[in-house]
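So the chains spell out like this:
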Amino acid sequence: MVQFKTGYYADVRMEEIVSTQLHYINGEIENYVNRIRKGAFIRVYDGSKWYYSATTDLDDLQSELDKLYAMANCNPEIKKNPIVIKMPREKARKLKFQSNNVAKVPVSAKLSKTESVFHLFKNHSRLAMWQNYYVDRHIKKRILNSCGADVEFDLQQAGLAYYISMKDAEKTFMERIEASADNFEELQLSEKAITEFLAKSEDFLLNSKPLEPGKYQTILSPVVAGVFAHESFGHKSEADFMLGDENMKKEWQLGKKVGVDMLSIYDDGNLPGSGYIAFDDEGKAPEKTYLIRQGKLTGRLHNTETAVSLDEEPTGNARAISFDYEPIVRMTATIIEPGTYTKEELFSQVRQGIYIDKIKHGSGMSTFTLAPSFAYFIENGKIAYPVEISVVTGSVFETLGKIEALSDKTEVFSFSVGGCGKMEQYPLPVSFGGPYVLISELNAR
Amino acid sequence: MKEIYTQTDKSTTLSISNNQVHSVRNKTIASTGLRVYKKDCIGVAGAQGKVDLKELEKKADEMLKMKISYPYAPGKENKVKVERKINLPADFDLTLETNEIIDGIVKEQPDFILSHQISLHEVESSLSNEQGLDLMYRDSFLGIGLVFKEKSSANIMDGYYGYAGRDYDRKLFIDSYLKILKAYKTKVDLPEKKTLPVVFSCDGAILAKLNSDLNGLQIGTGSSLLTSYLGKDKFHKDLTIWQSNNPDDGLLPFFDMEGTVNPDYRVALIENGKILKGYTDKKVAAKYNLPYTGCASGSYDSIPKLGQAALQLKPSQKTLKELLNGELGVYVYISSGGDFTSNGEYGAPVQLAFLTDGENLLGRLPELSIGSHLFDMFGKDYIGVSSDKIYPHDFAYYLAMDMKVSKIY
């Protein structure tokens, strides 16, 4: 395959990505893409700097590797470098999606599954437009490194998403319903789910009222709670932002109290869904890593370099969106653990507040944001009417301390289209989830 | 009829961590798409790296069996070549330049840590067919994205300053960066007024709702807020917005994915406040009987479809200082996570804002909340687009409007 030279650390990540995209507008097919991408990302490390190359020429990987060797400095002591010492050495083959590979499903079956619910959208009186996507991808990766690692594995995801635009006189409303699975057979959006979604959208269009801006007691649905965990705290747990920053190491010492006692958040790439990885993109198997346990900072997410920098262990979170990019520290499946209240008990604690059922997007710096789509006013523990909210915000750390209750069941969600973005790398498949979360106060407008 | 699209992206990227070059990445990705048009249908196939055109044609022919309708005339008999190039000396060394930039900033402001990346890009795209269409665009540019963080800060990042362009001047870049850092270190309070002039970069998310509602598909299906205002003076008389593929406005090819080249590479969508038209590709224009603006996009291996327009606001004759007319403005520097409701209500947190007199950044404001409505922002509360650019050699101008502003905490 390739010959590694002594005096350097090097690894090669080869990928074959087979994907399908179908796009319809108002039931008419607009696009069909059946794509096969093959390429490799090569890294060389000399103990001082990293040298990378992305190539689609798999027949000439050696010359790409040799070009990087020529840029780096030979280091006879490289094997004693602490980063190299901790690099994976596993040899393994985990091909989980060979018998049900989505790439082998005929396109006629994909068309048929996508179109099977079109009758629910056609002639709906409120729909100004509807679009839908079917997407799937099967990714096969092989990672070799100069420490002896040789892992081969695959990943797979299929998704359906239906986007609607409803209109009533001057008023418009846009939303989407989606489903995701790691195999074609289990991918399904039931007629019942779509019918309920259309009714809920119509109710929002006709009956929603603007919310008076202010501070409200707020309940987040499991999917919104998952995004909140991902955006508000997950990104801060990615240890690459701490590289060489002594002040951050002090600020983020493990054991520090960061939230209420009932709060625990973990990341685990072993869970099925769009956050699943058999190995990370350095060849390390993923681990269940608690970020917060009982309100205290318990761990963080690492690649090999950040783990060495903080004198901790790699967690299997080195990920790249494709062979065009280097692996950086990313989340996989990020989940808030459940609490003890039933959903009904949790709602009954709100006299006047808001319920965020679904969002368009979220973001998180020192202040996090959630942009709601389906949102409702709560009166005396019951949903009263839909409300229009452009954005909900709060301070991340204050909010983690304002959680009043967690419901007793966690739900996990996978992206069907899209994913997580970090700097130039978007979209990365991740999943997220949690229980219903009651927060004493958030800003909404 | 056959048509071939090619795209090559070649880049060298230096990533920076803790004021030092951490890695060097070289990337060359060449992509080719081949389209066949037959009996009002289209088939497309694509590949990356070395390409066998006969194999692509076979795959594209195979896709014709799906009978995806495309009853529109492909481009023809137009040969245009546009080449732009970055102004770098022949002996330019990206690593040395990166070190000079970092040293120049950190020596003056040692309390900050810089990270992220600097990259040099060469891009080329072409579209040609058997009917004489022959379009080629070649460009090169420098991209600098430097995140800053105060050493004493507990945040992942405190701010960001970026540049992407062809007219690079190290001193100008460093001076601009230092102005930001100096202002960042000076805390100022929000002037006590409910409504203030708010200043944005006119290429940012503030245009997102206009962009989605000027989409021809949204207009044609009646899903756009603007549908019923077509042809009407809905916005401020000074507001003119173009769909632009002009290389002077950005770093995009001058043609769209259906091979259309507009005069001066621009089409006016809103002119002096009047909504003239939405942006369209061939299909949407034909289906909804809308004016055609040549706004198809897509990947190298997909069927061209209506994309998002690159919107360009026509600058006024006034500088930002003149537009502010003696008032102090809130310059929104980082605003992440805000949005419009379907009905045009806008709300956003502002994580980083500076107080400005139009010429100088007077200091850093506390975290803010801003809000308005699309029709007010670009209507009665619109102030204008500056004649001066945010960074002298960049593409973006300042956009100012009155808005409700309050402190978050």
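Report follows, based on the coordinates. These numbers were taken from a predicted model, which means no experiment stands behind them.

What counts, and where the lines are drawn
- Residues numbered from 1 in each chain as written.
- Chains lettered and ligands numbered in written order.
- Predicted model: local features only at pLDDT ≥ 70, side-chain atom pairs only at ≥ 80, totals over all residues.
- Heavy atoms only, no water.
- Contact = heavy atoms within 4.5 Å.
- Buried area = accessible area lost by both parts, 1.4 Å probe.
- Salt bridge = Lys/Arg side-chain N within 4 Å of Asp/Glu carboxyl O.
- Polar contact = N/O pair within 3.5 Å; in protein donor to acceptor, adjacent residues only side chain to side chain.
- Helix = DSSP H or I, 4+ residues; strand = E, 2+ residues; numbered from the N terminus.
- Nonpolar A, V, L, I, M, F, W, Y, C, P; charged D, E, K, R; others polar.
- Pairing = 2+ DSSP bridges.
- Phe/Tyr/Trp six-rings, centres within 6.5 Å; stacked < 30°, edge-to-face > 60°.
- Buried < 20%, exposed > 50% of the residue type's maximum accessible area, 1.4 Å probe, protein only.
- Lys NZ or Arg CZ within 6 Å of the ring centre and 35° of its normal.

**Some words on the interface of chain B and chain A**
- Contacts between the two partners involve 69 residues from chain B and, on the opposite side, 70 residues from chain A.
- Summed over both sides, the interface between chain B and chain A buries roughly 5,700 Å², with carbon and sulfur atoms accounting for 50% of that surface.
- Of all residues in chain B, His22(B), Arg25(B) and Ile156(B) give up the largest surface area on contact with chain A, accounting jointly for 10% of the area buried on that side.
- Between Asp57(A) and Lys50(B) there is a salt bridge; the shortest N-O distance is 3.8 Å.
- Here chain B and chain A share 32 residue pairs in polar contact (both at pLDDT 80 or more) between them.
- Examining the composition of the side of chain B that touches chain A, we find that nine residues originate from one element, strand β2 (residues 20–38) of chain B, more than from any other.
- Residue composition of the side of chain B that touches chain A, grouped by class: 25 nonpolar, 31 polar and 13 charged.
- Sheet topology places strand β3 (residues 50–55) of chain A next to β2(B); five bridges connect them, and they run parallel. Looking across to β2(B), one finds that Ser53(A) is bridged to Asn26(B).

**Description of the packing of aromatic side chains**
- Applying the stated rule across the entire model yields 55 aromatic pairs over all chains.
- Between the aromatic rings of Phe121(A) and Trp130(A), the centroid separation amounts to 4.9 Å while the plane-to-plane angle is 15 degrees, which identifies the pairing as stacked.
- Trp130(A) gets classed as buried once you look at its relative accessible area, which sits at 5%.
- Across the ring face of Tyr184(B), the terminal group of Arg364(B) is positioned such that the distance to the ring centre comes to 3.9 Å.

**Focus: the pattern of salt bridges**
All names here are of chain B.
- Within the structure shown, the criterion is met by 60 salt bridges over all chains.
- The salt bridge involving glutamate 83 is made with lysine 81; its shortest N-O contact spans 3.7 Å.
- The class for lysine 81 is exposed, based on a relative accessible area of 54%.
- Residue aspartate 189 is joined to lysine 407 by a salt bridge in which the shortest nitrogen-to-oxygen separation is 3.1 Å. In this pair, aspartate 189 sits in the loop between α3 (170–185) and β8 (195–201) while lysine 407 sits in strand β22 (residues 397–407), placing the two residues 218 residues apart along the sequence.
- Overall, lysine 407 belongs to the partly exposed group, its relative accessible area being 41%.

Take it as geometry only, folks, not as evidence of what the structure does.
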